[in-house]
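So you can see what is in the structure, the chains are spelled out below.
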Amino acid sequence: MRFNLRLTYLLLLSAVWMGCSEASVVPESDTTCTVGKCDGNQGWLEVNLSGRNDAIATFLKTESGVDEDGVFETNLSTLQGQLATIQGCNPADSRNFVISDQLLVAAGEEAFPRLVSTVCAKDAEKRWQVFLSPPEMNEDRDIDVQTIEMFAWDEDRQGFNFYKTTAEGGETVSMEVEPDECVRCHLGGDGLSVEHMPMLPVMNELTQPWEHWNAAPGFDSQQHEIPEDVKDKPNYTALTRQPWLASASELESTIRKAHETVANQRVRLRRKSGASVSETMSLLRPIFCDEQVNYVSESGESGQLLMNAVVDVSMREIFSKLGVIGEAGKKWRDLNARIRLSKVSSTEQRISMMPVRGESNVIYELSLIAAARGLEPALAAQVRLLDWKTPVFSSLRCSLWTQTDERLRTDRLDLDLESLRNYDLIPILMEEILSIDGVSLLLQKENEKDRFYILNDGSQFKALIAAISEDSVELAVCDEMGKCACDDLPFCIGSVDDVAYVIENHVESILASPTVRDDLRKERNSRVCTAKACYSNHPFIEGSEHCGSICPLDDAFAGRSTNN
Amino acid sequence: MKHCIAFVFLFACVMTTAACDKDGSDDGQVSNQNNIVGKGDVPTGDWIGLCEEREADTTATGKPRFLSNAIRWPAADVEGVTADELGDDRGQEYAEYFVITKVPNQGGTAFEEQSVVLGHPSTKLDIQLNDEQKFFLEDEEEKGSVVGQCIFTSWHSDVSGPLPCEVDGTCPNILGQTVDEKLFRMMILINSNRASSDLVEECSRQVSANTYKTGDSTDETDVRHRDFMRGCGIANDLFQTHWRSSDSQICSAAMRFSECGCSVGGDKSITLGSAIIPSLRAQEEDGGISYRGFPLGTWSDASELPVGCKYVDIGKELDGKASQTIVSCDISAGTLLKRSEDPKEFCRQQYGEDVVVYVPIPESSLECDPPANGQYAGTCSDTPWVVSRDEQ
């Protein structure tokens, strides 16, 4: 009897994908019959793989020997080698990345490893196109190499197609196409609209130190323990020997490349003629709402933590495009900036698994800003500056989008959409989103310089609206030492340089606090509970057993007012 | 900002003077166009804070900086080294980097015939793109086009050409840019054979002359009690370059070498600097260049590179080996589109952390005999130049 991890399947997301109990969202695909078996004379291949042009579909059509019921024989290593060949690569250039934590086991039990496998590691263009992962433990407490979740890039559709094999005994597996439990986990936060959202590879602990991942060779692994009894198991041993075992650092660059490709495709939707409000709103959703989340940790004993734990990392790039000059905000503007805390003597003291804005969203946002007829960087900056001290999980920012989205489903814009392209709608919809009760959150330039409303305290949003209508918002007023009046205000108006100073002062004040580590841990714990409650694809997070199940972003995701 | 310029200029004068005083010549300086000193943004602040940042880098997860057979650091500049309206200070770590890229024509219908160089000390940083050009790059990105290359070079600024490949006419070109010393030799004065050798010598001489601040070897709370901090402090006291990865690490290793009575084959007349970095004169006496610059590799292997990068083949040096001093890494069309205001920074961020500068240490020829009365001799290991953590 195969070991059943159905319950943990509901929580599983190794960092790349997971099985979720929520389902029902099926990506846009073209099937004349629901996936699975169909009555009539259509074979399994025809029914399930028609129109698919990805490596897995090609394998199934040509080499798998799959029968009418979608059943064939394989295991992870065999399948990985065959997919490498399909892709035109040497199977020896395949890679296996290992993460080990308590996601698959009951609380208090030892960690158990999971794998993410790729092919074509030496081909910069192909290495991100195929992913496989065996998410289960078998009855021998070894990796189950028959149950495999996988996805591959479809050159024609320009998106990822998802598949899953289920063990049927021995080497026999049954194949499922676009399994429901995979779909939702590769989309956004639970409850958030996923219309026109592409499915993404997900690596929760994307950045160094890649908590729980094997980081060798080249790096030290962090919180990565393989139980002694597992180390000698045949499947684990076979999959983790050289040359296949690789460092999470390599997986990070692979995943980033996948994110960039998906982002580039998503951005292209703006060029479509015959404009669509829903499509264009979907282009703007990641600017306001956190579709994806990542998790950062202190690196070893060094006390180094990525700056994006406290400041939205995209702001640095947006402001470099806006041309911040001189000394303003140097510390956080440096793209490699890290927070430097005091060293710790034990791992328990480290800040670990702190939720931050998903890199896939950041990459997408920057793609949209850079694109012709994309999003003006000043507009993106204004969004980021609303409740900016909440770099992730801002109910305010997300509800601005969701409420407008709801409204525009019934209140049609007076535009000849047919004569427009989606990119024509971008500035129009941004104005719609950033207008509250007739009050615009967009400031005119002054002396050719961009200006912004800097909302330091998200709970004061209504007060900001009132102050704008009364024309009583104070100026940032930053002196030559970089000290700003805005530092002590709930909101203000500032230039690009003012913003840079205000943010840097905030970072400095965090770091100057004698209880900085406790402060960050408290913030981390709060975010962790939000992540657990709102994102089914969250990873295993130590110390999160106390978190409740109610998502504090439910109202924001649903378009209900959250503005104080 | 001004004091940054002042001290960098002063440092350059010191280095140049030291180099000149060594043998009365200024190898390579005449043929170097635009002797760039570097100006603008470099880290400033309390030396202890900056040295502790560098020390933390050596203890960050993975990436050991000190090995028994090499000292190494990333080609990417440390935080705080930036480009600003006064100039571009990047390229401080005995490695410089810049971009060669194709650019679309104004109409966005095709690439221009001639590629452009961006972020080189002799060129501008950015490229302005109109909408047509942006649409063109977006379409190229969908095809998976690689349109440019990040170039990392560790070819010492005082090592003249020609390259071995120039001798036999086999030098490659990168997107139409000929690989030769005009573009590919480092231009910043301090990134030189002489400067690096002097750094080793000066740091170890502080120990032999007992002129450095040793702190209290019995007090673990004394910041100079820690080997790395003591060495980094020397770099600060001598050159104010403690904030660099390269200088702080080289100085620490050189200091420990001397504190532990190490020598080359027991011959104390052979300087460590010359053993690690063969001087230009010594190389010329041997018949030509065999040490063009510090070899580039990656963390997992000194002769491998991150995915997307490759060595530029400039031929074999006098010793029959490739110098591994020029590396090129892919830039996609989408990247050029997104990072057009400073594609060099993309190179730093994407590749610079994992293109690693190696300073090979001739481990087998070094012998150490810690002096009996050495203040820190009691902590000397067999490989005392491995500072702060165990070798991997």
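Residues numbered from 1 in each chain as written. Chains lettered and ligands numbered in written order. Predicted model: local features only at pLDDT ≥ 70, side-chain atom pairs only at ≥ 80, totals over all residues.

All names here are of chain B. Among the 8 residues that make up strand β7 (residues 146–153), 7 are buried, leaving the element largely enclosed by the rest of the structure. Two strands pair when backbone bridges link them, and strand β5 (residues 96–101) and β7 are joined in this way by 6 bridges, in the antiparallel orientation. By the bridge assignment, Phe 98 is partnered in β7 with Ile 151. Relative to strand β13 (residues 326–332), β7 is paired through 7 bridges, and the arrangement is antiparallel. The partner of Thr 153 across the bridge, within β13, is Ile 326. (Buried ≥ 20, exposed ≤ 12 C-beta atoms within 10 Å, placed from the backbone. Helix = DSSP H or I, 4+ residues; strand = E, 2+ residues; numbered from the N terminus. Pairing = 2+ DSSP bridges.)

On to the pairing of strand β2 (residues 95–101) of chain A. Residues and elements named next belong to chain A. When you tally the buried positions in β2, you get 7 out of 7 residues, the bulk of the element. Of the two faces of β2, the one holding Arg 95, Phe 97, Ile 99 and Asp 101 and the one holding Asn 96, Val 98 and Ser 100 are both buried throughout. Pairing geometry for β2 and strand β3 (residues 112–118), over 7 bridges, is antiparallel. Within the sheet, the bridge partner assigned to Asp 101 lies in β3 and is Phe 112.

Turning next to the sheet that holds strand β6 (residues 159–169) of chain A. One key point about sheets: their strands pair by backbone hydrogen bonds, in either a parallel or an antiparallel sense. Residue and element names in this part refer to chain A. Spatially, β1-β7-β6-β5-β4-β3-β2 is the arrangement adopted by the 7 strands of the open sheet, whose pairing is antiparallel. Looking at the sheet topology across the chains shown, the edges are occupied by β1 (71–73) and β2. Pairwise comparison of adjacent strand axes, ignoring direction, gives a mean angle of 25 degrees for this sheet. Examined bridge by bridge, strand β4 (residues 130–133) and strand β5 (residues 148–154) share 4 bridges and lie antiparallel to one another. Among the inter-strand pairings, Leu 132 is bridged to a residue of β5, identified as Met 150. (Axes fitted to C-alpha atoms, helices over the stretch in contact; angles between N-to-C directions.)

Quick look at the confidence of the model for chain A now. Averaged over all residues, the pLDDT of chain A equals 88, while 91% of them reach at least 70. By mean pLDDT, the top-scoring element of chain A is helix α15 (residues 422–433) of chain A (98), and the lowest-scoring one is helix α1 (residues 6–9) of chain A (39). (pLDDT = per-residue confidence, 0-100.)

All names here are of chain A. With their axes 9 Å apart at the nearest point, helix α9 (residues 277–288) and helix α14 (residues 395–408) run at an angle of 170 degrees to one another. With respect to α14, the element α9 is oriented roughly antiparallel. Contact residues: α9 offers Val 277, Met 281, Leu 284, Arg 285 and Phe 288, while α14 offers Arg 397, Cys 398, Leu 400, Trp 401, Asp 405 and Leu 408. Its residues assigned to classes, the contact of α9 with α14 shows 8 nonpolar, no polar and 3 charged. (Parallel < 35°, antiparallel > 145°, perpendicular 65-115°, else oblique. Contact = placed C-beta atoms within 7 Å. Nonpolar A, V, L, I, M, F, W, Y, C, P; charged D, E, K, R; others polar.)

To continue, consider the interface of chain B and chain A. In this assembly, 31 residues from chain B lie in contact with 35 residues from chain A. For the side of chain B that touches chain A, the secondary-structure elements that each account for two or more residues are α2 (47–59), α3 (131–142), α11 (333–338) and α12 (343–352) of chain B. Examining the composition of the side of chain B that touches chain A, we find that 6 residues originate from one element, α3(B), more than from any other. Considering only residue class, the side of chain B that touches chain A consists of 6 nonpolar, 10 polar and 15 charged.

Turning our eyes to something else, we now look at unusual backbone geometry. Across residues other than glycine, the phi torsion is negative in most instances, and most of the peptide bonds are trans. Gln242(A) connects to Pro243(A) through a cis peptide bond whose omega is 10 degrees. Checked against the element boundaries, Pro243(A) lands in the loop between α7 (234–239) and α8 (248–268). The residue after Gly161(B), namely Pro162(B), is reached through a cis peptide bond having omega 0 degrees. Topologically, Pro162(B) is positioned in the loop between β7 and α4 (164–167).

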